[in-house]
Each structure stands twice: as structure tokens, then as C-alpha cells.
Amino acid sequence: MTAPGNAPRPTPRPLDSPEEARQLDRYYMLGLACMFALIIAFPVYLMGEPSRRERTKEAMREENVVIGEAMFKQHCMACHGDDARGGRGFPTLGAKEFLTSVSDKQLHWLISGGVPGSQMTAYDLDLGGPFTSQEISRLVAYLRSLEDGAPSVPGWFKGPRAPEREKRRAEGARDAGARNEGAGAERRGDDDRKGDDRGGDDRGGDDRRETAMAPAQRFATQCASCHGANGEGTVIGKPIRPLRAALVANPDSAFRIVSRGVAGTAMMPFAREHGGTLDSTTIRALLVWLRNGEPAASR
């Protein structure tokens, strides 16, 4: 017997053959080469990522415009006309004055909740309408696409028919075309002749009239949907006349309310720095106009 302390040690297994060792080294080198290739390729991929995202975003926008146009033709054209040109007594949504005065968020809200006191009902699915929030966003995308080259229609809220727009579907763009420019020049010529007939200077009277009417148009665009076309109030917004005393007594407070909105109500912020579309000069001009007794129906 062998003493426990003198037990034989196990014989180690033989090492891999030289060929197997060389093959394993090749695998190691291949793995390192792939790792370095990934390290180099990743920054190159990141360099092109912004342009890829922009192309994808533009493709999605164009798709939303096409789908939104089909939805508009099916659900909205009967009232607002083809290409939102109006002509049926409903607001001309394709007018420059309307599209430049509302944000996408405001358009979404108007379509979702409708306009109380009018035939514009709520279209949001949660409010009994036919559209999901995504479908309303597609309608908004279509209406926003009409802004480029939109014709000027000062009385858009009364529904006059706007000049026909030229379509360039192959390029994915829309513009008003030369006919709109000719119509605008003709209107400007008519305004000049009217100024001459009144005996005023060439354009001074027209400019003063446009300045004086700007708050009225702004009220019709931004405020009438909640406060009523004549400031009589709706189920959403209060009538203007009872608010006039507050405008006189504390104009700064009224300015803050219009600028920042009122949390928990339908009164959204209108100042640009708070996500709205108006500058401070426009807001103050509107408040002065309201304070001085307009709109007429609420005097």
C-alpha cells in the first residue's frame, strides 16, 4: 500500500495541438477586428442619423396631409368648401388671416371640441365625434399645409369663397398661383380708387382703417369661438360687457390673463412666450379695443 502522503498526482491532460492553438488565435483576431469595425462604424452611422430622421419626419408629414385631405373631403368639404375655400356661409379655413392666427394646438382644440352656439360640433371620439386624436392631428396637418400661399380673405369668418388654389401634387406643395396675385392687385386698386373718391390721401385712410379694424378681426379670430361673435358669451366663455369694468380698473391683470391663460379652463395662453400666437403689442391693442366699448353688441 502507498502511504496517504505519498499518493501519486494525476497526470495533466495534454495541451491542444499546435494547429488548434493557431485556429483559436485566428478567432481571437477576427473578434477584435469586428469590435474595432463596430467602434468606427457607430460614429459614422450617428453622423447620418439627423438627416434620416428628418426624411422620415417629412414622409410622415406628407402622409398625414394626404390622409387629412381625404378626411376633409369626406367630413368637412360640405360646409367649408373644397380646399377649405369657403363659399357656403361657413368660415373660410383656407384664408391666410385664419391660418396665420391659430396654432396647431388651437386648431386641434377647435376640431375636437367644436364651437358652441354654431353648427360646428365636437369631432373628438371622447366627445361623441367620429375621430381619434391622431385623426384630428392629420386634419390639422392638412389645414396647416394650406398656409403656404394661402389667399387673403379678410372676412373669412363669414364664409366668402376664396380664389382657387393651384395644386402641384407631384411636388407635394400648394400655392395660390398667379391668379391670386392678380386678384390681390385688383382689390388693392379698388381700395386706392375708393380712397381717391373720398378725397383722402392715397393710402393713409386705408392704412388707418386697417389698423382700426385689426382688433375686430383679431377678436373674431381668437375670441369669438368662446365669447361669441358679438361678445355675448357662450357656454365656454363669459360675455364681454361684464368684464369691461375689470379691463378699466386693472388692465395689467387682464393682460396677464390673456397672455398666460387661466389654468383649468378653456382660456388658453395667447402670448408667444407662453405658447400662444400673439405678441404683447397685439394683446394690448385688443384689450384697449374691448375696453373702449367693442364689440358693439355688448355695449
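Described in the following lines is the structure provided in the data block. (Residues numbered from 1 in each chain as written. Predicted model: local features only at pLDDT ≥ 70, side-chain atom pairs only at ≥ 80, totals over all residues. Heavy atoms only, no water.)

As for the overall build of the protein
Next, step 1: Secondary structure assignment for the protein yields 11 helices and two strands.
Next, step 2: Here the protein holds 299 residues, and the buried ones make up 33% of them.
Next, step 3: Long-range contacts, defined here as pairs at least 24 residues apart, represent 58% of the contacts in the protein between residues at least 6 apart.
Next, step 4: Here the protein displays about 19,200 Å² of accessible surface, and carbon together with sulfur accounts for 58% of that area. (Helix = DSSP H or I, 4+ residues; strand = E, 2+ residues; numbered from the N terminus. Buried < 20%, exposed > 50% of the residue type's maximum accessible area, 1.4 Å probe, protein only. Contact = heavy atoms within 4.5 Å. Areas by Shrake-Rupley, 256 points an atom, 1.4 Å probe, with all protein chains shown as cover.)

Brief notes about the pattern of salt bridges
Next, step 1: Applying the stated criterion across every chain yields a total of six salt bridges.
Next, step 2: The closest approach of N and O atoms between glutamate 58 and arginine 61, which form a salt bridge, is 3.1 Å. A residue pair is termed a helical-turn pair when its members lie 3 or 4 positions apart in one helix, as glutamate 58 and arginine 61 do in helix H1 (residues 18-75) at three residues.
Next, step 3: According to the relative accessible area criterion, glutamate 58 is partly exposed, its value standing at 32%.
Next, step 4: Residue aspartate 104 pairs with arginine 144 through a salt bridge whose shortest N-O separation is 2.7 Å. One end of the pair, aspartate 104, is in helix H4 (residues 104-113); the other, arginine 144, is in helix H5 (residues 133-145), and 40 residues separate them in sequence.
Next, step 5: Salt bridges sharing partners connect three or more residues here, namely Asp82, Arg85 and Arg161. (Salt bridge = Lys/Arg side-chain N within 4 Å of Asp/Glu carboxyl O.)

Considering the side chain of threonine 92
Next, step 1: Its place among the elements puts threonine 92 in the loop between helix H2 (77-80) and helix H3 (96-99).
Next, step 2: The exposure class of threonine 92 is buried, given its relative accessible area of 0%.
Next, step 3: Every residue in contact with threonine 92, bar those within four places of it in the chain, is listed here: Ala84, Arg85, Gly86, Phe98, Trp156, Gly159, Pro160 and Ala162.

Digging into the packing of aromatic side chains
Next, step 1: According to the stated counting rule, one finds four aromatic pairs in the structure shown.
Next, step 2: Ring plane angle 45 degrees and centroid distance 4.9 Å describe the contact between phenylalanine 98 and tryptophan 156, whose orientation is recorded as tilted. Here phenylalanine 98 is found in helix H3, whereas its partner tryptophan 156 is found in the loop between H5 and strand S1 (166-168), with 58 residues between them in sequence. The pair formed by phenylalanine 98 and tryptophan 156 is uniform in burial state, with each residue classed as buried.
Next, step 3: Seen in terms of ring centroids, tryptophan 156 and phenylalanine 157 are 5.7 Å apart; in terms of plane orientation they differ by 85 degrees. Their pairing is edge-to-face.
Next, step 4: Taking the relative accessible area as the measure of exposure, tryptophan 156 reaches 6% and is therefore buried.
Next, step 5: For phenylalanine 157, a relative accessible area of 33% translates into the label partly exposed.
Next, step 6: Members of the aromatic cluster, each reached through a chain of ring pairs, are Phe98, Trp156 and Phe157.
Next, step 7: It is arginine 284 that lies over the ring of phenylalanine 255; its NZ or CZ is 3.9 Å from the centre. (Phe/Tyr/Trp six-rings, centres within 6.5 Å; stacked < 30°, edge-to-face > 60°. Lys NZ or Arg CZ within 6 Å of the ring centre and 35° of its normal.)

Focus on the packing of helix H10 (residues 251-260) against helix H11 (residues 280-291)
Next, step 1: Between H10 and H11, the least distance of the axes is 10 Å, while the angle of their chain directions is 125 degrees. Comparing the axis directions of H10 and H11 gives the class oblique. Crossing angle aside, the handedness with which H10 passes H11 is right-handed. Where H10 approaches H11, its residues Pro251, Asp252, Ala254, Phe255, Val258 and Ser259 are matched on the opposing element by Ser280, Ile283, Arg284 and Leu287. (Axes fitted to C-alpha atoms, helices over the stretch in contact; angles between N-to-C directions. Parallel < 35°, antiparallel > 145°, perpendicular 65-115°, else oblique. Left-handed = near helix turned anticlockwise from the far one by under 90°.)

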